[in-house]
Amino acid sequence: MIRRIKGTQDILPDETPKWVALENLIRKMMGRYNFHELRTPIFEQTQLFARGIGQLTDIVSKEMYTFLDRGKKQLTLKPEMTAPIMRAYIENKLYAKAPLNKLFYIAPLFRQENPQAGRLRQFHQFGAETLGTPDPNADAEMIDLAWSIFKEIGLTNLTLRLNSVGDPNCRADYKIKLKEYIRPNLDKYCPDCQRRYDENPLRILDCKNPTCVALNQNAPKLVDNLCDDCRAHYDAVKEQLHRLNIPFAEDPYLVRGLDYYTRTVFEITSSALGAQNAICGGGRYDLLAKELDGPDTPAVGFAAGIERLLMVMEQQGIVLAKKARLDVFLAPLGDKARAEGLAWLQKIRATGLSAEMDLLGRSIKAQMREANRQNTRFVLILGENELEKQEFAVKLMDKGEQINVPFETIIDFLEKESAK
Ligand code: HAM
């Protein structure tokens, strides 16, 4: 038997309504905040991610699905959306169409991680990106957007962690201090961190290896080394969060797993999840556009994991999707009735009602059981008697009543009765 690939999921018909309801809520909220959807291809040139996210990040060095196509081009299934959004923004010159671009997405992504609860190899994110302004209001609006969506869903027990990773100016000094702190113990760090030491020491702060985590405990903090501009920016973001009544905890060691960040970084975690407790992460990336050969474009964004959100919703008993109902189940008895049934379904469906008929030649008892299973509102019985009298025996399932309705008025009847 051929099985699905490890770390991927089939989303079965009884689960898709949950996804659709959540996606609808996300779209509604993105509309309120005036963000517009951008869709990008499922694969890109590998270079986009290698340059955009950073060679020494876990995503690029260990987790990308990268392959050569038949033309020997190196391609990668997208592991995140920020670099593709920026690529599309530059390539389609969106900066020339509007001075500020507020974009959102809902997309499947691919990372070859070790699968566990809340960590998949194909997963889904929704996210938003504001391209074209360094204004700290844009950072605060972005956090407010994520926070409001989670509130609209009904999530509780969320924690927002916030930090500033400065810019290359203040980071240069900080890197020297960090390396001084690490140097005496460098041989105790994991091989990955030893590699990162020269090329990208900040990454060492994001290492999940318990030995490295312990060694990092008293490391100097970037927030204590911010330049005046970055400090003012960080203070302005915090002030706006206070005004918006969004509680946050400062985490001086939050650096995030991608290299493109400058200044603001944040994560939102849920106490309902285990080890993989981040439902959302984001921050500012003022230099990514330049890195990808585009025009200077300061930007900020976030992305949230949909599978993790659904896990938290499940834990908190939050149900967004209405229970599915079938409006009309047509129960034909005999070949003649079955032959006429489909044309009736077509007429009923044209009114906007959902309709279905038995295609398995079941007994009336079995058909009623099926109608119940599908939570049906009206069952239309069409037997020999009914054919002769040119009428349906209609069961109003909610009321537990049965009445006869002539063929010529059945559509009218269903329309009126279903609107009640
Ligand atoms: P990220 O932190 O890599 O950031 O991912 C954001 C969220 O996606 C995570 O908090 C988590 O909920 C979900 N996620 C990540 N990996 C997995 C996985 N393997 N399985 C299930 N869920 C996962 C980014 O991707 C950045 N592009 C966010 C961003 C947007 N920064 C600026 N703009």
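A brief report on the enclosed structure follows. (Residues numbered from 1 in each chain as written. Predicted model: local features only at pLDDT ≥ 70, side-chain atom pairs only at ≥ 80, totals over all residues. Heavy atoms only, no water.)

The next subject is the sheet that holds strand β9 (residues 264-270). The strand order β1-β5-β6-β11-β10-β9-β7-β8 describes an open sheet built from eight strands, whose pairing is mixed. Only two strands of the sheet have a single neighbouring strand rather than two, namely β1 (36-37) and β8 (249-250). Pairing between β9 and strand β10 (residues 278-284): five bridges, direction antiparallel. In the strand pairing of β10, E267 is matched with G281. Along the sheet face, helix α4 (residues 82-91) touches β5 (101-110), β6 (122-131) and β11 (299-305) and points at about 45 degrees away from the line of β6. Against the sheet, helix α12 (residues 306-315) touches β5, β6, β9, β10 and β11, its axis set at about 105 degrees to β6. (Pairing = 2+ DSSP bridges. Helix = DSSP H or I, 4+ residues; strand = E, 2+ residues; numbered from the N terminus. Contact = heavy atoms within 4.5 Å. Axes fitted to C-alpha atoms, helices over the stretch in contact; angles between N-to-C directions.)

Moving on, we get to the side chain of T376. With respect to the helices and strands, the residue T376 is situated in the loop between α14 (364-373) and β14 (378-382). We classify T376 as buried; its relative accessible area is 3%. A distance of 2.7 Å separates a polar atom in the side chain of T376 from the backbone oxygen of A371. Once residues lying within four places of it in the same chain are set aside, the contact partners of T376 are R325, L326, D327, V328, F329, A371 and M397. (Buried < 20%, exposed > 50% of the residue type's maximum accessible area, 1.4 Å probe, protein only. Polar contact = N/O pair within 3.5 Å; in protein donor to acceptor, adjacent residues only side chain to side chain.)

Now for a nonpolar patch on the surface. There is a patch of nonpolar side chains on the surface, built from I42, F43 and F67 and spanning about 250 Å² of accessible area. By the element assignment, I42 lies in the loop between β1 and β2 (43-45). With relative accessibility at 36%, the residue I42 sits in the partly exposed group. (Patch = residues over 30% accessible without salt bridge, like charges linked within 9 Å, V, L, I, M, F, W, Y side chains within 5 Å. Areas by Shrake-Rupley, 256 points an atom, 1.4 Å probe, with all protein chains shown as cover. Salt bridge = Lys/Arg side-chain N within 4 Å of Asp/Glu carboxyl O.)

Right, let's talk about the sheet that holds β2 for a bit. With respect to topology, three strands assemble into an open sheet ordered β2-β4-β3, the strand pairing being antiparallel. Only two strands of the sheet have a single partner each, and these edge strands are β2 and β3 (66-68). Within this sheet the neighbouring strands show an average axis-to-axis angle of 35 degrees, counted without direction. Where β3 meets strand β4 (residues 74-77), three bridges bridge the pair, whose relative direction is antiparallel.

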